[in-house]
Amino acid sequence: MMRTAMAIALLSAMIGAAGADTVVLARDGQPAATIVLQAGADVKVKQAALDLQKYVRQICGVTLPVVEDGRQVDGSGLYIGNCEPSADEDLPAADLNPESYAIRAREGDLYFAARWPTPVCFAVYSFIEDDLGVRWFAPGNLWEWVPQGNQGELTVDVESRVVAP
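Nothing here was measured: the structure is a model prediction, and the numbers come from that model.

Undergrad: Looking at this structure, how should I read the pattern of salt bridges?
TA: Close approach of charged atoms allows side chains of opposite charge to pair. Applying the stated rule across the entire model yields 4 salt bridges. E68 is the partner of K46 in a salt bridge, and the nearest nitrogen-oxygen pair spans 3.6 Å. A residue pair is termed long-range when its members are at least 10 positions apart, and K46 in helix α2 (residues 43–60) and E68 in the loop between β4 (66–67) and β5 (76–80) qualify at 22 residues. Among the salt bridges present, the one from R106 reaches D90, with a minimum N-O distance of 2.7 Å. In this pair, R106 is assigned in strand β6 (residues 101–106) and D90 in the loop between β5 and β6, connecting sequence segments 16 residues apart. Among the residues examined, R106 registers a relative accessible area of 26% and is labelled partly exposed. D90 gets classed as buried once you look at its relative accessible area, which sits at 2%.

Structure below.
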């Protein structure tokens, strides 16, 4: 019985990983991705981008650049909000809860999308927690846990998803 449960869990993990896209954030001690904000991003969305930059730096020691023009970049792009390379299908369906967000992985890029600024932030923080492994147990630095990765290297497998709270 235990072996069967373990086999099912392993198979489920393998199937889930098969649908994930690999996104390289840092390689050889250098940024391999750029955080891109939509033009005119809300202040809270800008803060989410800076927090993403901070946690990547804490995990692997590499600081990803942040640009605010929303345009396509060389290497992997972490597109926050409605940026130039974003597609209409990156957004969650209009009939979902207004706090719904989407994280889309496509061709080595990530798209953090929602119809309003606050859920765009939800998408970024969800990525930080679910894909990068950061944990917050209570407010303040003493109550957060940041995994330590290989210095100068950070690659994540991200499965596209829509979250409707």
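Let's pick the thread back up.
Undergrad: Hey, could you run me through the sheet that holds β5 in this one?
TA: Picture the strands of a sheet paired through backbone hydrogen bonds; they go either parallel or antiparallel. Pairing is mixed across the open sheet formed by 6 strands, whose spatial order is β4-β3-β5-β7-β6-β11. Each end of this open sheet is capped by a strand with a single partner; those strands are β4 and β11 (161–163). Of the pairings in the sheet, the one linking β6 to strand β7 (residues 109–114) comprises 6 bridges and is antiparallel in character. Note on β7: the bridge partner recorded for R106 is D109.

Thresholds applied
- Residues numbered from 1 in each chain as written.
- Predicted model: local features only at pLDDT ≥ 70, side-chain atom pairs only at ≥ 80, totals over all residues.
- Heavy atoms only, no water.
- Salt bridge = Lys/Arg side-chain N within 4 Å of Asp/Glu carboxyl O.
- Helix = DSSP H or I, 4+ residues; strand = E, 2+ residues; numbered from the N terminus.
- Buried < 20%, exposed > 50% of the residue type's maximum accessible area, 1.4 Å probe, protein only.
- Pairing = 2+ DSSP bridges.

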